Amino acid sequence: MASTLPALATIASVAAAALYLAGTALQIRYLRRSPTQTSATLVTVLLLGIAAHATATYQQIDTDAGLYLGLYTAASLIILLVVVFLTLAITRLPVGNLLLVALPVAAVAAVASVIGETGFQARETLAPTLIAHILFSLVAYSILFMAACQSVLLACQEHWLRQPSSLQLLRWLPPLETMETLLFALLWAGIATLTAAIATGFIFLDDMFAQHVVHHTVLALASWAVYALLLAGRHFFGWRSSTATYWTLIAFALLVLGYFGSKFVLEVLLAGVDA
């Protein structure tokens, strides 16, 4: 698929990657000056990056053969949603630090979606019910990716609090309590959309335990159970910080393994064997 992409998709992907890297540099610069302020220049760069990335992603998904959502394109679409969410939230919530993780990943994903090629076959049409399932899934992955990044930052913050030499780095982050509150807000939003994704899958898809998707279904359910356990532990036992980080990353790893792991096996490994 990559070799047949329009030139516009390639140009837009490279432009998006360059803008995202520029946004990363700007965010580092602004965090050093004032961690609580948002720059209009940064927002402008992010909006331009989103426009370029969205253009490239549309060109990659809407192909002559039908709708294409292979491994690299799906990853690029998910991280595009992450950047959109963060750009919308950055003026109201303390999520600027997440840009330091999301923007470099978005730059890599934008380029990978152009040069990466898999055995995924485009589909001429998708039923509206399947589209609803896909949309819920994409939003859930995007929110839970942000939660995973937030948990890593929270773990770093806890570590730096015990290291006097790291006090300068702590100035880049909001207070610990604010970081925890944001993490659990993301987790609640994430598990809500993940629940909707799983529910629409069971309601609208023919067989969620068919041979080619059973591993995806089982791992998604396992991930949901871990997220639910974490939120219950937070509510009933006051689980915090390191415990939250540990279980958040385990749940997200299960989710990534279930979706991207299965796509990698089916579209890359098995496609290579069939070839």
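The rules we used
Residue numbers here run from 1 along each chain, matching the order of that chain's written sequence. Residues qualify for local features only when their pLDDT is at least 70, as the model is predicted, and side-chain atom pairs are given and counted only at 80 or more; totals for whole chains, interfaces and linings, by contrast, use all residues. Hydrogens and waters are ignored; side-chain quantities use all the structure's heavy atoms. Secondary structure is summarised from DSSP: a helix means a run of H or I of at least four residues, a strand means a run of E of at least two, and numbering begins at the N terminus for each. Our radius of gyration looks at C-alpha atoms and nothing else; its globule reference is 2.2 Å times the residue count to the power 0.38. Burial status follows relative accessibility: with a 1.4 Å probe on protein chains alone, a residue under 20% of its type maximum counts as buried, one over 50% as exposed, and anything between as partly exposed. For this analysis, residues touch if any pair of their heavy atoms sits within 4.5 Å. In this tally, Lys and Arg are treated as positive and Asp and Glu as negative; His is ignored, and so are the chain termini. To locate a charge, take NZ of a lysine, CZ of an arginine, CG of an aspartate or CD of a glutamate. What counts as a salt bridge is simple: a side-chain nitrogen of Lys or Arg found within 4 Å of a carboxyl oxygen of Asp or Glu. Nonpolar core, defined: a set of buried Ala, Val, Leu, Ile, Met, Phe, Trp, Tyr and Cys residues in which side-chain atoms within 4.5 Å join the residues together.

**Student:** Account for the overall build of the protein, with residues named and values stated.
**Tutor:** Summing up its helical and strand segments, the protein has nine helices and two strands in all. In the protein, the order of α-helices and β-strands from amino to carboxyl end is α-α-β-β-α-α-α-α-α-α-α. A compact globule built from 275 residues should have a C-alpha radius of gyration of about 19 Å, and the protein, at 19 Å, falls within 12% of that. Summarising its shape, the C-alpha atoms of the protein cover approximately 55 × 45 × 35 Å along the three principal directions. Put simply, the protein has 275 residues, and 46% of those count as buried. Summarising the internal contacts of the protein: among those between residues at least 6 apart in sequence, 78% fall at separations of at least 24. In the protein, 10 positive and 11 negative side-chain charges are present, and the distance between their average locations comes to 24 Å.

**Student:** Go over the pattern of salt bridges with me, naming the residues and quoting the values.
**Tutor:** Applying the stated criterion across every chain yields a total of two salt bridges. Close ionic contact of E180 with R234 constitutes a salt bridge, the shortest N to O distance being 3.7 Å. Remark: R234 occurs in helix α8 (residues 214-237) and E180 occurs in helix α7 (residues 176-204); sequence separation between them is 54 residues. Looking at E180, the relative accessible area reads 3%, which means it is buried. With relative accessibility at 28%, the residue R234 sits in the partly exposed group. The partner of R240 in a salt bridge is E180, and the shortest N-O contact between them spans 3.0 Å.

**Student:** Run through the nonpolar core, naming residues and quoting values.
**Tutor:** Formed by 67 residues in total, the largest nonpolar core has its most connected members in Y20, L86, L187 and Y227. Looking at this core, the elements with two or more residues in it are α1 (7-33), α2 (40-61), α3 (71-89), α4 (99-115), α5 (128-161), α7, α8 and α9 (241-274). Broken down by element, the residue count for this core peaks at 13 residues, all from α5. Ignoring sequence-local partners within four residues, the contact set of Y20 consists of G49, I50, H53, L80, V83, L103, A106 and A107.

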